[in-house]
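# Report on the structure
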Amino acid sequence: MTSLVAEHLDKVRRSLPNGVALVAVSKFHPVEDLFEAYRAGQRIFGESRVQELEEKRVQLPDDICWHFIGHLQTNKVRYIVPYISLIHSVDSVKLLTEIERQAARLPRVVDCLLEVHVAAEETKYGFSSDECLAFLSDFHPEEYAHVAIRGLMGMASNTDDETRVAADFVTLKRLFDEVRIRFQWPHFDILSMGMSHDYNIAVREGSNMVRVGTTIFGERQY
Ligand SMILES: *Cc1c(COP(=O)(O)O)cnc(C)c1O
């Protein structure tokens, strides 16, 4: 008998074109649900809180790629740096500097995305497009030998207006292309955009990594 999670997962997978990676966003869902997704072949899971991630990780198989997608406090960086596959939510230079510092101690190279804020809602987190370009123009990879900036992550405005949502994704895609053309970093190749309610639009506008929670696991119990 296939589980509901496996069924939903299969549906999402079948709706994604080749080349678009699926992050199963499992925050607030119990370990049993993650196991069901794992048994259905899912290997990339996204979590947004360090303590929850730490608790789940030790209960689940080692071949899972854990992605961190929430706001990350600098004092928590050291817990996840040894094993994290990708940090989507680098929203300040201070945070990137701390990731570099902790990764250098191991040493390992940690893949990171810069979080860019394009949505209508106010938020404390993320670079504006201009800040992102300004930061990268000043960026000296040799000073950050233990981080690899692999791309960008962003969210669209929280609205039913699909035109606005699409416009936000287009803004992110343009910024992504501009960085690629300007800096020609061979490993800058991930554009993480799209969630349960808007990943189809995101994929249409050029996303190659979607972060889907509710559609796979159901509503979160906070
Ligand atoms: C929670 C979360 C998601 C998943 O949201 P759903 O609507 O449940 O698909 C995606 N990205 C980020 C950054 C999140 O915090």
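Residues numbered from 1 in each chain as written. Predicted model: local features only at pLDDT ≥ 70, side-chain atom pairs only at ≥ 80, totals over all residues. Heavy atoms only, no water.

What follows is about the overall build of the protein. When helices and strands are tallied, the protein shows 9 helices and 8 strands. Along the first, second and third principal axes, the C-alpha atoms of the protein reach 55 × 45 × 30 Å. Within the span of the protein, comprising 222 residues, buried residues form 50% of the whole. Contacts in the protein between residues at least 24 apart in sequence constitute 59% of all its contacts with a sequence separation of at least 6. Carbon and sulfur atoms provide 49% of the accessible area of the protein, an area that totals close to 11000 Å². (Helix = DSSP H or I, 4+ residues; strand = E, 2+ residues; numbered from the N terminus. Buried < 20%, exposed > 50% of the residue type's maximum accessible area, 1.4 Å probe, protein only. Contact = heavy atoms within 4.5 Å. Areas by Shrake-Rupley, 256 points an atom, 1.4 Å probe, with all protein chains shown as cover.)

This part takes up the pairing of strand S3 (residues 65-68). As defined by bridge partners, strand S2 (residues 44-47) adjoins S3 across 4 bridges and the pair is classed as parallel. Pairing of Ile44 across the sheet is with Cys65, part of S3. In terms of handedness, the path from S2 via helix H3 (residues 50-57) over to S3 forms a crossover that is right-handed. Alignment of S3 against strand S4 (residues 86-90), held across 2 bridges, turns out to be parallel. Looking across to S4, one finds that Phe68 is bridged to Ile87. (Pairing = 2+ DSSP bridges. Right-handed = clockwise from strand over helix to strand, strands pointing away.)

So, about the site of the ligand. In the vicinity of the ligand, the contacting residues are Val25, Lys27, Ile69, Met155, Met195, Ser196, Arg211, Val212, Gly213, Thr214 and Arg220. Between the ligand and Ser196 there is a distance of 2.6 Å, counted from an oxygen atom to a side-chain nitrogen or oxygen. In the environment of the ligand, an oxygen atom lies 2.8 Å from a nitrogen or oxygen atom belonging to the backbone of Gly213. Look at the ligand: alone it shows 390 Å² of surface, and the protein chains cover 90% of it. Here the residues of the shell around the ligand are counted per class, giving 5 nonpolar, 3 polar and 3 charged. (Near = heavy atom within 4 Å. Polar contact = N/O pair within 3.5 Å; in protein donor to acceptor, adjacent residues only side chain to side chain. Nonpolar A, V, L, I, M, F, W, Y, C, P; charged D, E, K, R; others polar.)

A few words now on the pairing of strand S5 (residues 110-117). Extensive coverage of S5 is indicated by the burial of 7 of its 8 residues. With 2 bridges connecting them, S4 and S5 associate as parallel partners. When the bridges of S5 are listed, Val90 appears paired with Leu114. With respect to chirality, the unit in which S4 leads through helix H5 (residues 93-105) into the neighbouring parallel S5 is right-handed.

On to the packing of aromatic side chains, then. What the rule picks out here adds up to 10 aromatic pairs. Within the aromatic cluster, the residues linked to one another by ring pairs are Phe127, Phe135, Phe139, Tyr144, Phe176, Phe183, Trp185 and Phe188. Across from the ring centre of Tyr38, 3.6 Å away, lies the NZ or CZ of Arg43, which sits over that ring. Lying over the aromatic face of Tyr83, Arg57 brings its terminal NZ or CZ to 3.7 Å of the ring centre. (Phe/Tyr/Trp six-rings, centres within 6.5 Å; stacked < 30°, edge-to-face > 60°. Lys NZ or Arg CZ within 6 Å of the ring centre and 35° of its normal.)

What follows concerns the nonpolar core. Ranked by size, the top nonpolar core spans 66 residues in total, and within it Ile87, Ile99 and Leu136 carry the most contacts. When residues of this core are assigned to their parent elements, the largest contribution, 8 residues, is made by helix H7 (residues 162-183). Val23, Val25, Ile190 and Met209 belong to the second-largest nonpolar core, a separate cluster that totals 9 residues. (Core = buried A, V, L, I, M, F, W, Y, C linked by side-chain atoms within 4.5 Å.)

Here we take up the environment of Ala120. Within the secondary structure layout, Ala120 lies in the loop between S5 and helix H6 (129-137). Separated by 38 residues in the primary sequence, Ala120 and Asn158 have C-alpha atoms spaced 7.7 Å apart. Not counting residues within four places of it along the chain, the set of residues in contact with Ala120 comprises Ser157 and Arg164.

Residues at a pLDDT of 70 or more form 100% of the protein, whose mean pLDDT is 96. When pLDDT is averaged over each element of the protein, S3 comes out on top at 99 and H6 at the bottom at 96. (pLDDT = per-residue confidence, 0-100.)

What follows concerns the side chain of Ser3. For Ser3, the position within the fold is in the segment before helix H1 (4-15). A polar atom in the side chain of Ser3 sits 3.0 Å from the backbone nitrogen of Ala6.

Okay, the pattern of salt bridges next. Close approach of charged atoms lets side chains of opposite charge pair. For the structure shown, the criterion picks out 11 salt bridges. In this structure, the salt-bridge partner of Asp63 is Arg43, at a minimum N-O distance of 3.3 Å. Of this pair, Asp63 sits in the loop between H3 and S3 while Arg43 sits in the loop between helix H2 (31-39) and S2, placing them 20 residues apart in sequence. Look at Arg43 and you get partly exposed, because its relative accessible area is 29%. One salt bridge connects Lys56 with Glu52, and the closest N-O pair in it is separated by 2.7 Å. With Lys56 and Glu52 both in helix H3, this residue pair falls 4 residues apart, about one helical turn. Of the two residues, Lys56 and Glu52, neither departs from the other in class, the shared state being buried. Ionic contacts of the salt-bridge type, sharing partners, join the residues Glu47, Arg49, Glu52 and Lys56 into one network. (Salt bridge = Lys/Arg side-chain N within 4 Å of Asp/Glu carboxyl O.)

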